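Next come the chains, spelled out residue by residue.
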Number of protein chains: 2
Amino acid sequence: MVDILHRVGATASPDAVYTALTTIDGLVGWWTEKTSDASDDVIRFRFDLPQGEDGFDMKVLETVPGKLVHWEVVAGPEEWIGTHVRFDLKQEDDYTIVLFRHEGWKEPVEFMYHCSTKWATFLMSLKELVETGTGKPAPADVQISNWH
Amino acid sequence: MVDILHRVGATASPDAVYTALTTIDGLVGWWTEKTSDASDDVIRFRFDLPQGEDGFDMKVLETVPGKLVHWEVVAGPEEWIGTHVRFDLKQEDDYTIVLFRHEGWKEPVEFMYHCSTKWATFLMSLKELVETGTGKPAPADVQISNWH
């Protein structure tokens, strides 16, 4: 089992970051404009790629206001299914620190290398959103390679 | 043992990326302006931080032109010493793909979360350098948090 880990800090309140992680309006602002509520506490994230629409469904397992958001991937690419995504929040100085984990990958496949970098750019988009009001969600996300 | 993994692709030749990873001029252009040759195949990277100068010494273990750069950390923060940094290069379409590993961390400490995100922003700086001629090396690097 291998994990993707990241740490970013935003000059915004834990509540503002928590809202960006737990509301459709917030998620639309930094990850993908194609975010919607599905049934049973599942959030649907979709992306338009050259090969067609792709994406993930995340089941919200646990939320603690201002402190934690924890999802399980219930649909998406095979490598993602059953993995967990966690955002632990804490305040330090004037920053809200986001400790991010995408954990439970079975193998460190090349797609995991890609997702690690891509998560970093999306977490920077989250930081921009809560600091300035404008993030870089798909389809205007940062392109990192031929895989987008 | 836990690893940091990343994948970026740059529209430049493998030789151009290899040069950016193996020459002082190249390294100065994307990682830190305070890069210098030390003795015994060691490259010295330094950063000016609020708490003073900090950095890493990397011993070059292996290089294969256009394909591989492999370093061992021989001086720096305790968590980094003995870890290895690898850049595997390959060509795909019009891109040179960089598969990056910073491997051999003993524990997934918070500093590792930070370094993972920071490596992503520096690899994006490497991509910018080889694509446009200008990267974002320290001290003009992307700030990701209160830890810089």
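Residues numbered from 1 in each chain as written. Chains lettered and ligands numbered in written order. Predicted model: local features only at pLDDT ≥ 70, side-chain atom pairs only at ≥ 80, totals over all residues. Heavy atoms only, no water.

The criterion, for reference: UniProt positions are given in the numbering used here, feature names are shortened, and annotations may be inferred rather than shown by experiment.
As recorded by an unreviewed UniProt entry, chain A carries the name SRPBCC domain-containing protein and is attributed to Jiangella aurantiaca. As recorded by UniProt, the Sequence similarities (unreviewed entry) comment attached to chain A reads in full: "Belongs to the AHA1 family."

**Quick word on the sheet that holds strand β4 (residues 52-64) of chain B**
Here is the rule we go by: Pairing between strands requires that DSSP locate at least two bridges from one strand to the other. Counting from the N terminus, the helices are the DSSP runs of H or I reaching at least four residues and the strands are the DSSP runs of E reaching at least two. Axes, fitted as lines to C-alpha atoms, cover a helix only where it is in contact. Angles between the N-to-C directions of the axes lie from 0 to 180 degrees. Any two residues having at least one pair of non-hydrogen atoms within 4.5 Å are treated as being in contact.
An order of β1-β7-β6-β5-β4-β3-β2 (chain B) is seen for the seven strands of this open sheet, with the pairing classed as antiparallel. With partners counted over all chains shown, the strands left at the sheet margins are β1 (2-10) and β2 (34-37) of chain B, one partner each. Neighbour-to-neighbour, the strand axes of this sheet turn through a mean angle of 20 degrees, independent of strand direction. Looking at chain direction, strand β3 (residues 42-49) of chain B and β4 of chain B are connected through eight bridges and run antiparallel. Among the inter-strand pairings, phenylalanine 47 of chain B is bridged to a residue of β4 of chain B, identified as aspartate 54 of chain B. Along the sheet, helix α3 (residues 110-132) of chain A makes contact with β1, β6 (84-92) and β7 (95-105) of chain B, crossing β1 of chain B at roughly 85 degrees. Taken strand by strand, helix α3 (residues 110-132) of chain B contacts β1, β3, β6 and β7 of chain B, and its axis lies near 20 degrees from that of β1 of chain B.

**Things to note about the relation of the copies chain B and chain A**
Our working definition: Here the copies were fitted onto each other by least squares, based on C-alpha atoms from residues at pLDDT of at least 70 in both.
For the pair chain B and chain A, the best superposition has an RMSD of 0.0 Å and corresponds to a rotation of 180 degrees with a translation of 0.0 Å parallel to the axis. In short, the pair behaves as if placed about a two-fold rotation axis. Across chain B, the rotation axis passes nearest the C-alpha of alanine 120 of chain B, at a separation of 3.2 Å. Comparing interface residues between copies, 100% of those in chain B also sit at the interface in chain A, which points to an isologous, same-surface contact.

**Remarks on the environment of glycine 76 of chain A**
All names here are of chain A. Put simply, the test is: Accessibility here uses a 1.4 Å probe with only protein chains present; expressed as a share of the type maximum, an area under 20% marks a residue as buried, one over 50% as exposed, and anything in between as partly exposed.
You can see glycine 76 is positioned in the loop between β5 (68-75) and β6 (84-92). On the basis of relative accessibility, which here comes to 30%, the residue glycine 76 falls in the partly exposed class. Taking the C-alpha atoms as reference points, glycine 76 and glutamate 103, separated by 27 residues in sequence, lie 15 Å from one another. With residues near it in sequence (within four places) discarded, glycine 76 still touches Gly55, Phe56 and Ile81.

**Some points on the packing of helix α1 (residues 14-22) of chain A against α3 of chain A**
Residues and elements named next belong to chain A. Using the following cut-off: Angles are sorted into four bins: roughly parallel if under 35 degrees, roughly antiparallel if over 145, roughly perpendicular if 65 to 115, and oblique for all others. Each helix crossing is assigned a hand: it is left-handed if the near helix lies turned anticlockwise from the far helix by less than a right angle, otherwise right-handed if that turn is clockwise. Basically, the charged four are Asp, Glu, Lys and Arg, the nonpolar ten are Ala, Val, Leu, Ile, Met, Phe, Trp, Tyr, Cys and Pro, and anything else, Gly included, counts as polar.
Following both chains from N to C, one finds α1 and α3 inclined at 125 degrees, their axes separated by 10 Å at the closest point. As summarised for this structure, α1 and α3 are arranged oblique, according to the angle between their axes. Considering only the axes of α1 and α3, their crossing is right-handed. On α3, the residues that touch Ala16, Val17, Ala20 and Leu21 of α1 are Leu126, Leu129 and Val130. Residues belonging to the contact of α1 with α3 are distributed by class as follows: seven nonpolar, no polar and no charged.

**Some words on the interface of chain B and chain A**
It is common to give the size of an interface as the accessible area lost on bringing the parts into contact. We count it as follows: Each of two parts loses accessible area, computed with a 1.4 Å probe, when they are put together; buried area is these two losses added. Any carboxyl oxygen of Asp or Glu within 4 Å of a side-chain nitrogen of Lys or Arg constitutes a salt bridge here. What qualifies as a polar contact is a pair of N or O atoms within 3.5 Å, subject to a donor-acceptor requirement within protein and to the restriction that residues adjacent in sequence count only when both atoms come from side chains.
In this assembly, 30 residues from chain B lie in contact with 30 residues from chain A. Taken together, the two surfaces of chain B and chain A that pack against each other cover about 2500 Å², and 55% of this comes from carbon and sulfur. The largest per-residue losses of area from chain B upon contact with chain A belong to Arg7, Tyr113 and Asn146 of chain B, which jointly make up 30% of the total buried on that side. Taken together, the links from chain B to chain A amount to four salt bridges. A salt bridge links glutamate 110 of chain B to arginine 7 of chain A, with the shortest nitrogen-to-oxygen separation between them at 2.8 Å. Our count for the contact surface shared by chain B and chain A stands at 26 residue pairs in polar contact (both at pLDDT 80 or more). Of all the secondary structure elements, the ones that give two or more residues to the side of chain B that touches chain A are β1, β6, β7 and α3 of chain B. It is α3 of chain B that provides the largest number of residues to the side of chain B that touches chain A, a total of nine residues. Taken together, the residues of the side of chain B that touches chain A break down into 14 nonpolar, eight polar and eight charged.

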